[in-house]
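These are the residues of each chain, in order.
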Amino acid sequence: MSSFLLQILQRTPPWVGLLFLVLIGLGVMQSRTRSLPRTRVFVFPAVMLGLSLFGVWSSFGAAPISLTAWGGGILLAILLNRILGLPAGVAYSPASRRFTVPGSWLPLALMMAIFFTRYAITVTIAISPLLREAAMFAGAVSLVYGLASGTFFARALHIVRTGK
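Residues numbered from 1 in each chain as written. Predicted model: local features only at pLDDT ≥ 70, side-chain atom pairs only at ≥ 80, totals over all residues. Heavy atoms only, no water.

Participant: Please explain the nonpolar core as it appears in this structure.
Facilitator: General note: in soluble globular proteins, nonpolar side chains tend to be found buried as a group. In this structure, Val16, Leu23, Phe44, Met48, Leu108, Leu110, Met111, Met112, Ile114, Phe115, Ala148 and Phe152 together form the largest nonpolar core, which totals 12 residues. The leading source of residues in this core is helix 6 (residues 106–127), at six residues. Look past the residues within four positions of Ile114 in its chain and what remains in contact with it is Met48, Tyr145, Ala148, Ser149 and Phe152. Counting residues in each nonpolar core, the second largest holds 11 residues, with Leu49, Trp70, Ile121 and Ala138 among its members. (Core = buried A, V, L, I, M, F, W, Y, C linked by side-chain atoms within 4.5 Å. Buried < 20%, exposed > 50% of the residue type's maximum accessible area, 1.4 Å probe, protein only. Helix = DSSP H or I, 4+ residues; strand = E, 2+ residues; numbered from the N terminus. Contact = heavy atoms within 4.5 Å.)

Here is the structure:
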């Protein structure tokens, strides 16, 4: 391993590794079919939206380009999911008022995309602080955050629409 990569890893706070393991655990849980009440359908997507917004805010502040790109990513995720209809195979039981959601590895992939994007952006900005002010950089990163976390929200919307 190069000394540059080793320096990055040595300067990474220990809680980042713990967060990584927690996300892996949550992703593995979502790979299994589960039964959810309506209220729990939106909990995890709300957390992921909050984390991605925090990533945008802590990296770029309240810059209009970053907030607009983040929101645009969410809208794009909702639009794409309306077309794709994911997750497929959702069932709703009016008797139990619960949704049966088939397991998928997509949530884990999205969590890892958000995690590694956040990690890479934090390292990149620490190395080149002027990138924080680059509108194209802020917009591109924010769009990725919005698209990834918006996909969780879009999936939740699809699950709830199944119960109507």
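Participant: Can you walk me through helix 6 in this structure?
Facilitator: Residues spaced three or four apart along an α-helix face the same direction, because each turn holds 3.6 residues. A rise of 1.5 Å per residue sets the reference length of helix 6, with its 22 residues, at 32 Å; its end C-alpha atoms lie 31 Å apart and thus fit the reference within 8%. Every buried residue of helix 6 is listed here: Pro107, Leu108, Leu110, Met111, Met112, Ile114, Phe115, Thr117, Ile121, Val123 and Ile125. Each element contacted by the buried residues of helix 6 is listed here: helix 1 (3–10), helix 2 (14–30), helix 4 (43–60) and helix 7 (135–162). (Expected span 1.5 Å × (residues − 1).)

Participant: Quick question: what am I supposed to make of the confidence of the model for the protein chain here?
Facilitator: Interpretation of this model should avoid reading the predicted coordinates in detail wherever pLDDT is low. Confidence along the protein chain averages 93 in pLDDT terms, with 99% of residues attaining 70 or more. Per-element confidence in the protein chain ranges from a low mean pLDDT of 85 for helix 1 to a high of 97 for helix 5 (residues 64–84). (pLDDT = per-residue confidence, 0-100.)

Participant: Would you explain helix 4 in this entry?
Facilitator: With 18 residues, helix 4 extends 26 Å from end C-alpha to end C-alpha; this agrees with the ideal 26 Å at 1.5 Å per step. All of the buried residues in helix 4 are Phe44, Pro45, Met48, Leu49, Ser52, Gly55, Val56, Ser59 and Phe60. Along helix 4, the residues classed as buried sweep out an arc of 140° about the axis, all on the same side. Tucked into the core, helix 4 has its buried residues touching helix 2, helix 3 (38–41), helix 5, helix 6 and helix 7. Following helix 4 by one or two positions, Gly61 has its phi on the positive side, about 70°. (Arc of directions from axis to C-beta.)

Participant: Teacher, can you tell me more about unusual backbone geometry here?
Facilitator: A negative phi holds for most residues other than glycine; trans holds for most peptide bonds. Here the amide bond leading from Leu86 into Pro87 is cis, since omega sits at 0°, within 30 degrees of zero. Summarising the element assignment, Pro87 is placed in the loop between helix 5 and strand 2 (91–93). Unusually for a residue other than glycine, Arg97 sits at a positive phi of about 55°. Residue classification places Arg97 among the exposed positions, given a relative accessible area of 61%.

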